[in-house]
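A closer look at the structure
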Amino acid sequence: MPPPLPPDPIEPCPPAMDAALPGAVVATILSRLDVRSLLLAAAACRGLRTCASHALAFLPSFHLLEVALPHDLLRPLLPPNPSLRSLRLDCASLEDNAIGCLARSSLHELLLLNCNKISGRLLRELGATCRDLRMLSLNSLGEHRGLVVTFSDLQELLNGCSQLESLRLALDFSTFDGPNFGCVWASASERLSSLEIGYIPMTMLLELLTAVVEAQQCMDYVKAPVFFPSLQKLCLTVDFISDHLIGSISVALPSLTHLDLQDAPIIEPTSSSDLTNAGLQQINPHGKLKHISLMRSQEFLVTSFRRVNDLGILLMADKCSNLESVCLGGFSRVTDTGFRAIIHSCSGLHKLRVSHGSHLTDLVFHDIVATSLCLTHVSLRWCKLITDIGIERLSFNKDLNVLDLRDCRSLGDEAVRALSCLPKLQTLSLDGTDISDEALKYLGLGTCPLTSLSLRGCRRLTNDCIPLLFAGSVKQSLQVLDISRIPSVTNDAIMLLARSRTPLVELRMRENPKIGDAAVMALASMQVDGGTYGSSLQLLDLYDCGGITPLATRWFKKPYFPRLRWLGITGSLNRVMVDALTRSRPFLHMASRGEELGTMLWDTYSDWYRHNDDDLDELEQWLLDGEPVSDDDTIMEE
């Protein structure tokens, strides 16, 4: 009788995570990931999910600005953690019930954006809890209707956070209307070196500066509170920048190295409430300033510093030869003579910004080769007399990294030709200039490593500009592109863009009448380096594009555009479909009123770009349901 057949071989089961790798090794690996990568790892399997949950209790930094989580989703991600030192969040979906989750005694750094649904109780709780806080940055606190931010809230913050070194409150300080406003700042941290305030009424600011000066005068013979002994950076928005204000700041804060002032007059300033040549002479009496910014916004009234001319700038430049950064906006009577004095007097000048320089011409750069040529950031917005010749001379600065030429309407193709060979130019804004497709040909064949290019309102451009731009090395480096308000751009241009497979992260094409559903379909179908459909785009602005219909909203559902976080679309589209899209993609920021997208979220894109994961829907599913979902299941649901 033949022997029995051996049993069929059994395929061995893959080892469990804890058997394949020691738990300590997995924990060490996960502890080195940023929050977003950690959550994506947790979505992969139950083993990693358990390890990730443990790692969240030991992370030193929790930075999650790309999505605004509600409290019920955020709370499990922020368990008790004595090691947590840095917390950065978008609080657009948080209310007062999340304050206990935000105010942690171990924190050294706290950055919270879009706090409009949180009241001033946050300031009070931070003062009571976060005694070791070194850096605090808040914006939009309490701006939701009915929420209150009081003087006592500010007082509790300053009394409690005695280790603060940097304080940024992008708020309207007129809400802090209380007695002894100036004196309460005596309890602010003696280590405070940087103070940024959104808006402060002139009366309150002068009261504060007066208290500072009085305390300094009493120090020799009476024990008085010390105000701002270490303050080096001051950024304020005020009613009017005036001689009196400049003089008061110069006397009260002699250690400043960074002074940033902006005003937005609602009425024409009088001679006593305006900046003049005499006021500029009072700047930098101790020669310590490295950065000066004096900007007059025209948000409410078309006006300028009409009492300042070349003499004032010459006198300021003579006393500010150590400046490394200069920003001047609204100096309508200053000519090339004044601006040249700054460029030639400040041998270490790296950053120059001039806006609404109505008398600035090519002559300002006529003999720029006689300077140290160390400019890296230049902005000449609304300087309409600058031509190609001036930009060709400016391009002698081979270290230029950022160049903003928006609304310089006399610029053409030759200016771009000169810039296309700059070896370090990464950010270029040409909005409203007179360039043609030929300029894009120069950029496409050039050597500059552009990562961001803005062409908004360049009306001479056509569809041909897209293949010309992506014919060369720019295709590998460009990540941000703005082709808004260009009437000749059609769906054909976007199809050419999709075929180029350029891994764009941001694409703005708002207010283009000939852009329609076909453009959305082309972008949704685009694949970059074998990724999922539309995988690279994180911001897409289609506001007021003439051909967009409700059909386009279907292409924003999964699995298309998996990385999209910001979407601009016209609010008059089918409201039911837009609301359905919002429900199906809760982490997608929808803007339907024409507001600009993404401008407040990130100071740099370095952290944003270094993630290469395509399937962000895994992250969303893990946050919402706690379990990963396969691609097949996602497609079937759709």
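Residues numbered from 1 in each chain as written. Predicted model: local features only at pLDDT ≥ 70, side-chain atom pairs only at ≥ 80, totals over all residues. Heavy atoms only, no water.

With an unreviewed UniProt entry as reference, the protein chain is termed F-box/LRR-repeat protein 15-like leucin rich repeat domain-containing protein, source organism Urochloa decumbens.

Of regular secondary structure, the protein chain possesses 25 helices and 20 strands. Burial status across the protein chain gives 53% buried among its 638 residues. Nonlocal contacts in the protein chain, meaning residues at least 24 apart in sequence, comprise 75% of its contacts between residues at least 6 apart. Total accessible area computed for the protein chain in this model is approximately 27,800 Å², and 53% of it derives from carbon and sulfur atoms. (Helix = DSSP H or I, 4+ residues; strand = E, 2+ residues; numbered from the N terminus. Buried < 20%, exposed > 50% of the residue type's maximum accessible area, 1.4 Å probe, protein only. Contact = heavy atoms within 4.5 Å. Areas by Shrake-Rupley, 256 points an atom, 1.4 Å probe, with all protein chains shown as cover.)

What follows is about the nonpolar core. Counting 183 residues, the largest nonpolar core has Phe62, Trp185, Leu453, Leu455 and Leu540 as the members making the most contacts within it. For this core, the element with the highest residue contribution is helix H10 (residues 202–218), accounting for nine residues. In this structure Leu540 touches Leu507, Met509, Leu523, Phe556, Phe561, Leu564, Trp566, Leu567, Gly568 and Leu597, once residues within four positions along its chain are discounted. (Core = buried A, V, L, I, M, F, W, Y, C linked by side-chain atoms within 4.5 Å.)

The next thing to look at is the pairing of strand S10 (residues 325–329). With five of five residues buried, S10 is to be regarded as a mostly interior element. Residues Ser325, Cys327 and Gly329 line one face of S10 and the alternating positions Val326 and Leu328 line the opposite face, and both faces are buried. Of the pairings in the sheet, the one linking strand S9 (residues 291–296) to S10 comprises five bridges and is parallel in character. Paired with His291 across the strands is Ser325, a residue of S10. As for the winding sense of the linkage, the β-α-β connection from S9 through helix H13 (residues 310–319) to S10 is right-handed. Sheet analysis places S10 next to strand S11 (residues 351–355), joined by five bridges and oriented parallel. By the bridge assignment, Val326 is partnered in S11 with Leu352. (Pairing = 2+ DSSP bridges. Right-handed = clockwise from strand over helix to strand, strands pointing away.)

Attention now moves to helix H11 (residues 243–252). A large share of H11 lies buried, amounting to eight of its 10 residues. Along H11, the residues classified as buried are Asp243, Leu245, Ile246, Gly247, Ser248, Ile249, Ser250 and Ala252.

This paragraph deals with the packing of aromatic side chains. Counting across every chain of the model gives eight aromatic pairs. Between the aromatic rings of Phe173 and Phe181, the centroid separation amounts to 6.3 Å while the plane-to-plane angle is 85 degrees, which identifies the pairing as edge-to-face. Judged by relative accessible area, which is 0%, Phe173 ranks as buried. With a relative accessible area of 1%, Phe181 lands in the buried category. (Phe/Tyr/Trp six-rings, centres within 6.5 Å; stacked < 30°, edge-to-face > 60°.)

The next thing to look at is the environment of Ser230. Tracing the sequence through the fold places Ser230 in the loop between H10 and strand S7 (233–238). A residue is classified by how much of its surface remains accessible, and Ser230, at 30% relative accessible area, is partly exposed. Expressed as a C-alpha distance, the spacing of Ser230 and Glu190, which sit 40 residues apart in the sequence, is 6.5 Å. Leave out the neighbours within four places in its chain, and Ser230 touches Glu190, Arg191, Leu192 and Ser193. A distance of 2.8 Å separates the side chain of Ser230 from the backbone oxygen of Glu190, its partner in a polar contact. (Polar contact = N/O pair within 3.5 Å; in protein donor to acceptor, adjacent residues only side chain to side chain.)

Contact geometry of helix H7 (residues 121–129) with helix H8 (residues 151–160) gives a least axis separation of 7 Å together with a crossing angle of 20 degrees. It follows from the interaxial angle that H7 and H8 lie roughly parallel. Here H7 runs over H8; the crossing is left-handed. Contact residues: Arg121, Leu123, Arg124, Leu126 and Gly127 in H7; Ser152, Asp153, Leu154, Glu156, Leu157 and Gly160 in H8. Residue composition of the contact of H7 with H8, by class: four nonpolar, three polar and four charged. (Axes fitted to C-alpha atoms, helices over the stretch in contact; angles between N-to-C directions. Parallel < 35°, antiparallel > 145°, perpendicular 65-115°, else oblique. Left-handed = near helix turned anticlockwise from the far one by under 90°. Nonpolar A, V, L, I, M, F, W, Y, C, P; charged D, E, K, R; others polar.)

Let us look at empty space enclosed by the protein. Applying the stated criterion across every chain, the model contains six cavities of 30 Å³ or more. The volume enclosed by the largest cavity comes to roughly 130 Å³. Lining the largest cavity are 14 residues, with Ser250, Leu253, Leu256, Asn284 and Pro285 sitting closest to its centre. The element best represented in the lining of the largest cavity is H11, accounting for three residues. (1 Å grid on protein atoms, 1.4 Å probe; cavity = no way out; pocket = protein on both sides within 12 Å on 5 of 7 lines; lining within 4 Å. Points joined across faces, edges and corners; volume = space filled by probe spheres on them.)

Despite not being glycine, Ser140 shows a phi value in the positive range, around 65 degrees. Looking at where Ser140 falls in the secondary structure, it is placed in the loop between strand S4 (135–139) and H8. Notably, His356 is not glycine yet its phi reads approximately 55 degrees, a positive angle. With respect to the helices, strands and loops of the structure, His356 is situated in the loop between S11 and strand S12 (377–379).

Topologically, Ser119 is positioned in the loop between strand S3 (109–113) and H7. We classify Ser119 as buried; its relative accessible area is 10%. A polar atom in the side chain of Ser119 sits 2.7 Å from the side chain of Asp96. Residue contacts for Ser119: discarding those within four places in its chain leaves Asp96, Leu141, Leu147, Val148 and Val149.

Before going further, it helps to examine the packing of H13 against helix H14 (residues 336–345). Where H13 contacts H14, the two axes come as close as 8 Å, and the packing angle between them is 10 degrees. In terms of their interaxial angle, H13 and H14 are classed as roughly parallel. Contacts from Asp310, Ile313, Leu314, Met316 and Ala317 of H13 reach H14 at Thr337, Gly338, Ala341, Ile342 and Ser345. Grouping the constituent residues of the contact of H13 with H14 by class yields six nonpolar, three polar and one charged.

Here we take up the state of the cysteines. A full pass over the atoms with the stated rule returns zero disulfides. There is no disulfide at Cys374, and the cysteine sulfur nearest it, in Cys346, is 9.9 Å away. We classify Cys374 as buried; its relative accessible area is 17%. No disulfide involves Cys465; its sulfur sits 9.2 Å from that of Cys458, the nearest cysteine. (Disulfide = S-S within 2.5 Å.)

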